[in-house]
Amino acid sequence: MSFRARHLLGIEQLSPLEITTILDLADRYVDLNRRTVKSSDALAGLTQINMFFENSTRTQASFELAGKRLGADVMNMSVGSSSVKKGETLIDTAMTLNAMHPDLLVVRHGASGAVNLLASKVNCAVLNAGDGRHEHPTQALLDALTIRRAKGRIQRLTIAICGDIAHSRVARSNLILLGKMENRLRLIAPPTLMPAGVEHFGCELYDDMRKGLEGADVVMMLRLQKERMDGGFIPSEREYYHRYGLDAEKLSFAKPDAIVMHPGPMNRGVEIDGELADDINRSVIQDQVEMGVAVRMACMDLLARNLRAERGRAAVGTMV
Amino acid sequence: MTSMTLHFTNARLINPESGTDEIGSLTIDNGVIVALDDDAPAGATEVDCGGHCLAPGIVDIGVKIGEPGERHKESFRSAGLAASAGGITTMVVRPDTTPSIDTPEVLEFVTRRAGEARVRIRHMAALTKGRLGHEMTEIGFLLDAGAVAFTDVFKVSSDTKALSRAFTYARSLGALVIGHPQEPGLSVGAAATSGKFASLRGLPGVSAMAERIGLDRDLGLVEMTGVRYHVDQITTARSLPALERAKANGFDVTAGVSIHHLTLNEIDVGDYRTFFKFTPPLRSEEDRMAMVQAVAEGLIDVIGSFHTPADEESKRLPFEEAASGAVGLETLLPAALRLYHAGQLDLPTLFRALSLNSSKRLGLPQGRLSVGAPADLVLFDPYAPYLLDRFKLHSKSKNTPFDGCRMEGKVLATYVAGQAVYQG
């Protein structure tokens, strides 16, 4: 099998073949999820713990549902309100959990690299559900699956990523994934929301939305991360909407069959026009949510297979 | 302190004053160098150096000791052991302790404690009370109590008016001020140098330009007040023209650089390795090369370890939250020798930056291989290879970025005032 990783920490560590493996398996889980009986036993007997150091409703629900449909015992730790606030360090929390023998640990944390740090200290498979401004791999994978199903391929497309790129881990993971799959990437943002050095990532940069959207197959909008802003990145939300909010007029510069994506939750009237977001002929935003569950099922299934194989080898070792 | 007469023979004498690197002999008596390339005096003990290098001991400006406040991280005793094992014969220690060294009383306390170190200690004091950047300290009293320089270390005041007063007052006393060039607003929350690498890792970055802007401000104040000024660390190529201009215009300005910014770059952070987190953050390879060049040309005067002990807890955190800095007393010389082995700096140039210039800047007699100079010496084999194991370091804290690295260059013996304080 062409997926050998122990953890899923980021897209950076995945090969194109591994990405395709995940997407192929996720396609099968999409079919399962559309049946009346949605259960599988891929994770039967395994314990999945969701640790969200940052608040999340959508991603946590998606991971929880994915685990339950695969038969795992799922526990949610609302870490934001626990001992972490009493001064316990991330490592201590991880070691405490590790002692409970979980098999899959789904972690979101506000600091870049925190999930990598945690993964180096525990004995189970770790899934990164978003770390700071670094990576959000399952989001990029679900976006890729959505694009592949809508466009029939995930290569040689012109894809525009628009909005608050500087603060977005979604943008980073997508940049890496879509670049690995050999697409033409454009970043559209006000220069204050463009990360430094991004011109070396092999993408085209635009601060004019209309020029950037010209001929695009896919338009990926990002949420304006109000909570990550210290202020002063943009003059006002209304000026931002005027220059960078996606509406029908700006979208008309993209290809006629271009699809519109958004990782959610949306700020309607800030980065995207509400009506456009709901337009089933252009918007695939609801599909993204559906693909999210399937992609997370695929990722956890693959990691669990590797985990079981590793434990099997270890058991054989002890018998000898 | 008295000591016997030693006659070092067959030594590769590294003389930063004359810029020479030649086999010869050196005689010390009663704690001072008494002869170069002379016959052994009667009764002298001969030390055969076996062709290894004998250089003036390192005078390291900017060493952090955990006294007072953080003795579990480093004490004068443990730092002294580490320094002697690293060929450092004078540690010039920082006032960013808890509390800050900002009164003559605290300075007298640490001066007493410093007796536990087996190498020489010189103290720096804070420039402003609590290093808060508002009110100047008792610069006069602190000078009388032995402070050799005044610095708020990595805390940069945005109160330029208060700084201008402190600089003016310091000038009237002839005191040396050491500044940290960084525009405080730009560097808020930064953990890396902004650019491709920081963006890829999702780390909050600071533009290299923040150093230039901070330096320009300080050099403006130097021009305004005429104070004697030393820049603790120049780390980006963009700062060099401003420094060059200030020197050319005759201002009393010198500059340093940390050994880590001369031997590592931002990519070394890799997968969020917190032992590679520094203030200022590691820079690009182009910047590193420019710093090496600036040391070779003498534009940057001093190389220091910026020894900053940090315990395991403060480093075992997500990168943004982890403490900055690394221990460096024992790795300063072997790391600096990387530049020698790479053919970028010869040994006299290296010791000009490690020993001579730092001594000169502080008005100390050390750092020279000349008759009458203190017999503070380091004997080392620049070619001895080894793998660095951080748990073998003498420092109480083990936060070194060189853990597991192949190093070349070992200290064989360190002498302070003619006494062997370390023998490897």
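For the structure itself, look to the data block above.
Residues numbered from 1 in each chain as written. Chains lettered and ligands numbered in written order. Predicted model: local features only at pLDDT ≥ 70, side-chain atom pairs only at ≥ 80, totals over all residues. Heavy atoms only, no water.

Draft legend 1. Representation of the overall build of chain B within the structure. A tally of regular secondary structure across chain B gives twelve helices and 18 strands. For 424 residues, the compact-globule estimate of 2.2 N^0.38 gives 22 Å, and the C-alpha radius of gyration of chain B, at 21 Å, lies within 12% of that figure. A total of 424 residues make up chain B; the buried ones form 62% of that total. For chain B, restricting intrachain contacts to residue pairs at least 6 apart in sequence, the fraction spanning at least 24 positions comes to 76%. When the accessible surface of chain B is totalled, it reaches about 15,300 Å², and 49% of it is carbon and sulfur. (Helix = DSSP H or I, 4+ residues; strand = E, 2+ residues; numbered from the N terminus. Rg over C-alpha atoms; globule rule 2.2 N^0.38 Å. Buried < 20%, exposed > 50% of the residue type's maximum accessible area, 1.4 Å probe, protein only. Contact = heavy atoms within 4.5 Å. Areas by Shrake-Rupley, 256 points an atom, 1.4 Å probe, with all protein chains shown as cover.)

Draft legend 2. Layout of the side chain of Glu-70 of chain B. Residue and element names in this part refer to chain B. Within the secondary structure layout, Glu-70 lies in the loop between strand E6 (58–63) and helix H1 (76–85). Of the residues examined, Glu-70 reaches a relative accessible area of 18% and is grouped as buried. In contact with Glu-70, other than residues within four places in its own chain, are Lys-64 and Thr-98.

Draft legend 3. Geometry of the packing of helix H6 (residues 209–225) of chain B against helix H7 (residues 240–248) of chain B. All names here are of chain B. For the pair H6 and H7, the least separation of the axes is 9 Å and the interaxial angle reads 15°. Here H7 runs roughly parallel to H6, going by the angle between their axes. For H6 against H7, the interelement crossing comes out left-handed. For the pair H6 and H7, the contacting residues are Arg-212, Leu-215, Asp-216 and Leu-219 in the first and Ala-242, Leu-243, Arg-245 and Ala-246 in the second. (Axes fitted to C-alpha atoms, helices over the stretch in contact; angles between N-to-C directions. Parallel < 35°, antiparallel > 145°, perpendicular 65-115°, else oblique. Left-handed = near helix turned anticlockwise from the far one by under 90°.)

Draft legend 4. Representation of helix H4 (residues 160–173) of chain B. All names here are of chain B. Its 14 residues give H4 an end-to-end C-alpha distance of 20 Å, which sits within 8% of 20 Å, the value for a rise of 1.5 Å per residue. Every buried residue of H4 is listed here: Ala-162, Leu-163, Ser-164, Ala-166, Phe-167 and Ala-170. Close packing links the buried residues of H4 with helix H3 (139–144), strand E10 (176–179), H6 and strand E13 (228–231). (Expected span 1.5 Å × (residues − 1).)

Draft legend 5. Expanded view of the interface of chain B and chain A. Listed per partner, the contact involves 17 residues of chain B and 21 residues of chain A. Together, the buried faces of chain B and chain A total about 1,500 Å²; carbon and sulfur atoms form 60% of this surface. Taken together, chain B and chain A are joined by one salt bridge. The closest approach of N and O atoms between Arg-201 of chain B and Glu-12 of chain A, which form a salt bridge, is 3.1 Å. Scanning the region where chain B abuts chain A turns up seven residue pairs in polar contact (both at pLDDT 80 or more). A per-class count over the side of chain B that touches chain A returns seven nonpolar, four polar and six charged. (Buried area = accessible area lost by both parts, 1.4 Å probe. Salt bridge = Lys/Arg side-chain N within 4 Å of Asp/Glu carboxyl O. Polar contact = N/O pair within 3.5 Å; in protein donor to acceptor, adjacent residues only side chain to side chain. Nonpolar A, V, L, I, M, F, W, Y, C, P; charged D, E, K, R; others polar.)

Draft legend 6. Expanded view of the environment of Gly-189 of chain B. Residues and elements named next belong to chain B. Relative to the assigned elements, Gly-189 resides in the loop between E10 and strand E11 (192–193). Overall, the relative accessible area of 57% leaves Gly-189 in the exposed class. When the C-alpha atoms of Gly-189 and Leu-350 are compared, they prove to be 34 Å apart, with 161 residues separating the residues in sequence.

Draft legend 7. A look at the sheet that holds strand E3 (residues 104–109) of chain A. Residue and element names in this part refer to chain A. Taken together, four strands build an open sheet; the order of strands is E2-E1-E3-E4 and the sheet is parallel. The strands lining the two open edges of the sheet, one partner per strand, are strand E2 (73–77) and strand E4 (125–131). Pairs of neighbouring strands in the sheet enclose a mean axial angle of 15°, with direction left out of account. Here strand E1 (residues 47–52) runs beside E3; their pairing, made up of five bridges, is parallel. Counted as the bridge partner of Gln-48 is Leu-104 from E3. Strand contacts of helix H3 (residues 90–98): E1, E2 and E3, with the helix running at about 160° to E1, the strand carrying the most contacts. (Pairing = 2+ DSSP bridges.)

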